Amino acid sequence: MFAVIYNRLFTYYGPQYWWPGETPFEVMIGAVLAQSTSWKNAANAVDNLKHHGLLSPQALHKIPIEDLAGLIRPSGYFNAKSLKLKSLVDWLRQTCDYKLDLLEDSSTDHIRRSLLSVYGIGPETADSILLYALERPVFVIDAYTRRIFDRIGFTPVKDKSYDDYQRLFMANLEPDPVLYNEYHALLVKHAKISCRKQPVCKNCCIADICDFYHNHTQANGDRDE
DNA sequence: GACCAGGCACATC
DNA sequence: GATGTGCATGGT
């Protein structure tokens, strides 16, 4: 069913071309700057860094944190995010001496755990970095994803933590970074277009699926397939 | 002016 | 472990 919903969304909305960063490092920076803000604001902050020649870990390491904060103002939370960017750059220096290629030999789980120890990197940002910058098969869960699948009635059996949702998706989809990339982007698109404030999807490309699961499985509790 | 946007850390109970 | 709060800009 997860694949069916993906195919519906892709047919209806088409490819989304997410994370058009020029380098993996730019994508990593964007993942932090996009936290809890619009992508447009985050992109403006990335552009400021780009115009100042700061889209390299070495350059970000050198710039004073106050100056960095000033440049990323458009993304909001600029004092907190400047510290987060500094922490991420420190992590890159310590783990791979700023050479992302060296991460290729590490397992996805190892990198994920390591990223989660970095200040300012939570599960969604870590997974965005793994998927969109490092092209690892990790499904990114966000508020939109939860909203859509909660409404369908397709939710984890036990708890509803980030990891529970992620396990649900990854247990039902092939581990394909291209698929995960597009799927997450399509869910965000769908949430913005068709699945905003209504309690249940109506007149959208997966309305029949929402109705079906509300009518047939909700009464039996949550399902995992 | 209220609300939201591609979260997270920290304090408190 | 769950819940509340601070962080802040820019668009609707």
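Residues numbered from 1 in each chain as written. Chains lettered and ligands numbered in written order. Predicted model: local features only at pLDDT ≥ 70, side-chain atom pairs only at ≥ 80, totals over all residues.

Caption draft 1: Structural view of the protein's contact with DNA strand B. With respect to spatial proximity, 24 residues lie near DNA strand B, and among them Gln35, Trp39, Gly122, Glu124 and Thr125 are the closest. Looking at the surface near DNA strand B, the elements with two or more residues in it are α8 (123-133) and α11 (177-193). The element best represented in the surface near DNA strand B is α8, accounting for five residues. Of the residues assigned to the surface near DNA strand B, the class counts are twelve nonpolar, nine polar and three charged. (Near = placed C-beta within 6 Å. Helix = DSSP H or I, 4+ residues; strand = E, 2+ residues; numbered from the N terminus. Nonpolar A, V, L, I, M, F, W, Y, C, P; charged D, E, K, R; others polar.)

Caption draft 2: Representation of the packing of helix α2 (residues 24-33) against α8 within the structure. With their axes 9 Å apart at the nearest point, α2 and α8 run at an angle of 155° to one another. Taken together, α2 and α8 sit at an angle that is classed as roughly antiparallel. At the point where α2 passes α8, the crossing takes the right-handed sense. Contact residues: α2 offers Pro24, Val27, Met28, Ala31 and Val32, while α8 offers Thr125, Ser128, Ile129, Tyr132 and Ala133. Of the residues contributing to the contact of α2 with α8, the split by class is eight nonpolar, two polar and no charged. (Axes fitted to C-alpha atoms, helices over the stretch in contact; angles between N-to-C directions. Parallel < 35°, antiparallel > 145°, perpendicular 65-115°, else oblique. Left-handed = near helix turned anticlockwise from the far one by under 90°. Contact = placed C-beta atoms within 7 Å.)

Caption draft 3: Looking closely at the domain arrangement of chain A. Taken domain by domain, chain A holds domain 1 (2-15 + 141-220) and domain 2 (24-133). Centre-to-centre separation of domain 1 and domain 2, based on C-alpha positions: 28 Å. In this complex, domain 1 contributes six residues to the contact, which on the side of domain 2 involves four residues. If you tally residues by element for the side of domain 1 that touches domain 2, the top one is α11, at three residues. Classifying every residue of the side of domain 1 that touches domain 2 gives four nonpolar, one polar and one charged. (Domains from an automatic or database assignment.)

Caption draft 4: Focus on the protein's contact with DNA strand C. Neighbouring DNA strand C are 13 residues; Pro74, Gly76, Tyr77, Asn79 and Ala80 lie closest to it. The set of elements that each furnish at least two residues to the surface near DNA strand C consists of α3 (39-51) and α6 (78-96). Split into classes, the residues belonging to the surface near DNA strand C amount to four nonpolar, six polar and three charged.

Caption draft 5: Expanded view of the environment of Arg112. Take Arg112: it is sitting in helix α7 (residues 108-116). Through-space distance from the C-alpha of Arg112 to that of Glu135 is 13 Å; in sequence the pair is 23 residues apart.

Caption draft 6: Geometry of α8. With nine of its eleven residues buried, α8 lies for the most part within the structure. Here the buried face of α8 lies against α2, α7 and α11. (Buried ≥ 20, exposed ≤ 12 C-beta atoms within 10 Å, placed from the backbone.)

Caption draft 7: View of the environment of Tyr165. Checked against the element boundaries, Tyr165 lands in helix α10 (residues 162-171). Taking the number of C-beta atoms within 10 Å as the measure of exposure, Tyr165 has 22 and is therefore buried. It is 9.4 Å that separates the C-alpha atoms of Tyr165 and Phe149, two residues lying 16 residues apart in sequence. Among all residues touching Tyr165, those that are not within four sequence positions of it are Ile141, Thr145, Arg146, Pro156 and Lys160.

Caption draft 8: Expanded view of helix α9 (residues 143-152). Listed as buried for α9 are Thr145, Ile148, Phe149 and Ile152. What you see down the axis of α9 is that its buried residues fit within an arc of 90°, all on one side. Looking one or two places after α9, you find Gly153, whose phi comes out positive at around 100°. (Arc of directions from axis to C-beta.)

Caption draft 9: Broad picture of the packing of helix α1 (residues 2-13) against α11. Where α1 contacts α11, the axes come no closer than 10 Å and their chain directions differ by 65°. What the angle tells us is that α1 and α11 run roughly perpendicular. The two elements α1 and α11 cross, and the hand of that crossing is left-handed. Contacts between α1 and α11 involve Tyr6, Leu9, Phe10 and Tyr13 on the former and, on the latter, Glu182, Tyr183, Leu186, Lys189 and His190.

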